[in-house]
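Below, each chain spelled out in residue letters.
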Amino acid sequence: MVCVVNVIAGMKNVPQVYVDAASTMGAGRFQVFRTVAIPAATPFIITGYCIALGAAWTTLVASELLAAQNGLGFLLQEGRRYFLTDQVMMIITIIGCCAFIMDRLFRRFQAYLMRWSEARE
Amino acid sequence: MMSAIRVDRLTHTFGKGTPSAITVLDDIDITFESGSFNAIVGTSGCGKSTLLKMMAGLFEPSDGRMTLDGEVIRGTDRRRGMVFQQDAVFPWMTVARNISYGPRLRGASAAERRLVEEKWVDLVGLGGFAYRWPRELSGGMRKRVDLGRVYANDPDVLLMDEPFGALDAQTKKRMQSDLLQAWSESPKTVVFVMHDLEEAIFLADQVIVMSARPGRIRHVEPIDLTRPRTGDMRPADEFIGIKRKL
């Protein structure tokens with residue numbers, strides 16, 4: 001949802017002059033969409049994904065804490081219930097590492113997609 | 001191939017039928033000969049940019065019509081290329097890809113694309129910058145990319161909306177000379193909107209002077225100065241004579 005809202009905002013913010021330039025060079029509607037609207041909206045799309053990624057993680061772990069038969073959140077809850085401190089600590093570390101790695105990979109990808117932009121990072 | 005544009009009794013009103021309606025263009029009637037260089041001058045707000053955008057097909061006049069070689073202009077078309085006042089270089093493409101944008105739209109092969117890129121990157125004086133991003137270029141260089149991109153698309157008509165307005169005087173003069181050079185090598189019907197009369201006389205075969213609110217054509221002056229025109233013709237008697245007359 002966050003993604004969709006951001007993409008729409010991004011598309012609305014495409015400077016008119018790019019659209020005009022493309023169409024006076026003979027681009028059709030779909031070509032304008034593909035070659036102008038999508039790249040121009042890339043920063044917005046990326047922001048959307050960033051927020052969505054964070055939200056997905058929180059939701060995943062939280063829902064597992066409440067109702068799940070397996071998964072990291074379930075193991076965490078189990079460790080808490082049976083006083084398995086080592087298990088709790090391990091799960092926390094794993095969640096942290098996963099989030100960290102995903103964030104790094106995402107940043108790499110973002111830097112690649114945005115290599116043309118003045119405001120990289 | 002070159003083409004003539006004919007503007008026939010064109011009138012345009014923004015917000016027609018509402019109390020705040022403004023007539024920006026009133027009864028414009030003019031012909032731009034095939035292969036000629038035309039300059040439209042006038043104060044800001046006289047509707048010259050509007051007229052140009054309509055010729056490009058970006059929007060339709062409320063009354064009257066325009067034809068290109070007898071065909072009514074409707075919508076945008078690659079035959080009518082336009083260079084804008086603002087920076088319109090796509091920042092997400094390298095210089096080379098910007099240049100070959102038009103041919104790529106029509107599915108040019110990699111070889112054709114490279115040919116176009118090599119030719120026009122050099123011709124607009126950006127040799128060595130082909131694989132740079134636009135953010136690494138100066139304003140003047142980006143304008144060169146704009147120009148090269150439109151030229152590489154090979155339109156019949158070139159519409160220019162004060163493209164050099166944001167440049168310093170010296171760069172502007174260089175760009176104008178380069179433009180004349182490119183135009184003499186591959187002639188197109190050019191309609192150039194500007195606000196400096198001297199530049200208009202220097203560049204054009206026909207100078208159209210417009211008055212504002214509502215935009216009307218006040219005067220059309222043919223310029224018969226010999227070509228190629230060079231910078232030292234600017235102070236010549238003939239040149240100043242025309243300027244005084246207008």
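Bear in mind that the values here come from a model prediction, so they are computed numbers and not experimental data.

Further remarks concern the overall build of chain A. Regarding its fold elements, chain A presents five helices and zero strands. Taking 14 Å as the expected radius of gyration for a compact globule of 121 residues, we find that chain A reaches 21 Å, considerably beyond that expectation. Looking at chain A as a whole, 31% of its 121 residues qualify as buried. For chain A, contacts bridging at least 24 residues in sequence account for 49% of all contacts bridging at least 6. In the form shown here, chain A has an accessible surface area of approximately 7,900 Å², with 68% of it arising from carbon and sulfur atoms.

A few words now on the interface of chain B and chain A. Each side of the interface is counted separately: chain B has 24 residues, and chain A has 20 residues. When the buried surface of chain B facing chain A is broken down by residue, B:Trp92, B:Leu105 and B:Arg135 rank first, second and third, together holding 36% of it. Scanning the region where chain B abuts chain A turns up zero salt bridges. Summed over the shared surface of chain B and chain A, the number is seven residue pairs in polar contact (both at pLDDT 80 or more). Contributing elements (two or more residues each) for the side of chain B that touches chain A: strand E6 (80-83) and helix H3 (101-105) of chain B. With three residues, E6(B) is the single largest residue contributor to the side of chain B that touches chain A. Residues that form the side of chain B that touches chain A fall into these classes: 13 nonpolar, four polar and seven charged.

Now for unusual backbone geometry. A positive phi angle, near 60 degrees, is found at A:Phe83, a position not held by glycine. Along the chain, A:Phe83 falls in the loop between helix H4 (72-81) and helix H5 (85-113). The backbone of B:Glu162 sits at a positive phi, close to 40 degrees, despite the residue not being glycine. You can see B:Glu162 is positioned in the loop between strand E7 (157-161) and helix H6 (169-185). You can call B:Glu162 buried: its relative accessible area is 10%.

This part takes up the packing of aromatic side chains. Pairs of aromatic rings are described using the distance from one ring centre to the other and the angle between the two planes. Under the defined criterion, the tally for this structure stands at 10 aromatic pairs over all chains. Both rings, one in A:Tyr18 and one in B:Trp92, keep their centres 5.3 Å apart while their planes meet at 80 degrees; by these two values the pair is edge-to-face. Taken together, the positions of A:Tyr18 in helix H2 (residues 16-24) and B:Trp92 in the loop between E6 and helix H2 (95-99) put the pair across two chains. Taken as a pair, A:Tyr18 and B:Trp92 share a single burial class, namely buried. Grouped by ring-pair contacts, the aromatic residues A:Tyr18, A:Trp116, B:Phe90, B:Trp92 and B:Tyr101 constitute a single cluster. The positively charged end of A:Arg115 is found above the aromatic ring belonging to A:Tyr112, 4.5 Å away from the centroid. Above the plane of the ring of B:Phe90 lies B:Arg149, whose end atom (NZ or CZ) is 4.5 Å from the centre.

Another aspect to go through is the sheet that holds strand E3 (residues 37-41) of chain B. As a general point, the strands of a sheet are linked pairwise by backbone hydrogen bonds and lie either parallel or antiparallel. Residue and element names in this part refer to chain B. If you walk across this open sheet you meet the six strands as E6-E7-E8-E3-E9-E10, and the pairing is mixed. In this open sheet, the two strands that pair with only one neighbour each are E6 and strand E10 (216-222). Each adjacent strand pair in this sheet contributes to an overall mean axis angle of 20 degrees, direction not counted. Judged from the four bridges that link them, E6 and E7 form a sheet pairing that is parallel.

Let's shift gears to the pattern of salt bridges. Residue and element names in this part refer to chain B. Scanning the entire structure with this criterion turns up nine salt bridges over all chains. Across the salt bridge formed by aspartate 178 and arginine 144, the nearest N and O atoms sit 3.0 Å from each other. Within this pair, whereas aspartate 178 is found in helix H6, its partner arginine 144 is found in helix H5 (residues 139-152), the two being separated by 34 residues in sequence. For arginine 149, the salt bridge goes to aspartate 146, with nearest N and O atoms at 3.1 Å. Placement of both arginine 149 and aspartate 146 in helix H5 is noted, with a separation of three residues, approximately one turn of the helix. Each member of the pair arginine 149 and aspartate 146 is classed as buried. Three or more residues are tied together by salt bridges with common partners; here these are Lys143, Asp146 and Arg149.

Turning to the sheet that holds strand E2 (residues 22-32) of chain B, a few remarks are in order. Residues and elements named next belong to chain B. Judged by pairing direction, the sheet is antiparallel, and its four strands sit side by side in the order E2-E1-E4-E5 without closing on themselves. Each having just a single partner strand, E2 and strand E5 (71-72) make up the two edges of the open sheet. Both strand E1 (residues 5-14) and strand E4 (residues 63-68) contribute to a ladder of five bridges, which runs antiparallel. Bridged to threonine 11 within E4 is aspartate 63.

This part takes up the packing of H5(B) against H6(B). Residue and element names in this part refer to chain B. Running from N to C, H5 and H6 point in directions that differ by 15 degrees, and their axes come no closer than 11 Å. The pairing of H5 with H6 is recorded here as roughly parallel in orientation. Relative to H6, the crossing made by H5 is right-handed. Facing Gly140, Lys143, Arg144, Leu147 and Tyr151 of H5, the residues of H6 in contact are Thr171, Arg174, Met175, Asp178, Leu179, Ala182 and Trp183.

Looking at chain B as a whole, the pLDDT averages 80, with 93% of positions reaching at least 70. Per-residue pLDDT, averaged within each element of chain B, yields its smallest value for helix H8 (residues 237-245) of chain B (69) and its largest for H2(B) (89).

Criteria and thresholds
Residues numbered from 1 in each chain as written. Chains lettered and ligands numbered in written order. Predicted model: local features only at pLDDT ≥ 70, side-chain atom pairs only at ≥ 80, totals over all residues. Heavy atoms only, no water. Helix = DSSP H or I, 4+ residues; strand = E, 2+ residues; numbered from the N terminus. Rg over C-alpha atoms; globule rule 2.2 N^0.38 Å. Buried < 20%, exposed > 50% of the residue type's maximum accessible area, 1.4 Å probe, protein only. Contact = heavy atoms within 4.5 Å. Areas by Shrake-Rupley, 256 points an atom, 1.4 Å probe, with all protein chains shown as cover. Buried area = accessible area lost by both parts, 1.4 Å probe. Salt bridge = Lys/Arg side-chain N within 4 Å of Asp/Glu carboxyl O. Polar contact = N/O pair within 3.5 Å; in protein donor to acceptor, adjacent residues only side chain to side chain. Nonpolar A, V, L, I, M, F, W, Y, C, P; charged D, E, K, R; others polar. Phe/Tyr/Trp six-rings, centres within 6.5 Å; stacked < 30°, edge-to-face > 60°. Lys NZ or Arg CZ within 6 Å of the ring centre and 35° of its normal. Pairing = 2+ DSSP bridges. Axes fitted to C-alpha atoms, helices over the stretch in contact; angles between N-to-C directions. Parallel < 35°, antiparallel > 145°, perpendicular 65-115°, else oblique. Left-handed = near helix turned anticlockwise from the far one by under 90°. pLDDT = per-residue confidence, 0-100.

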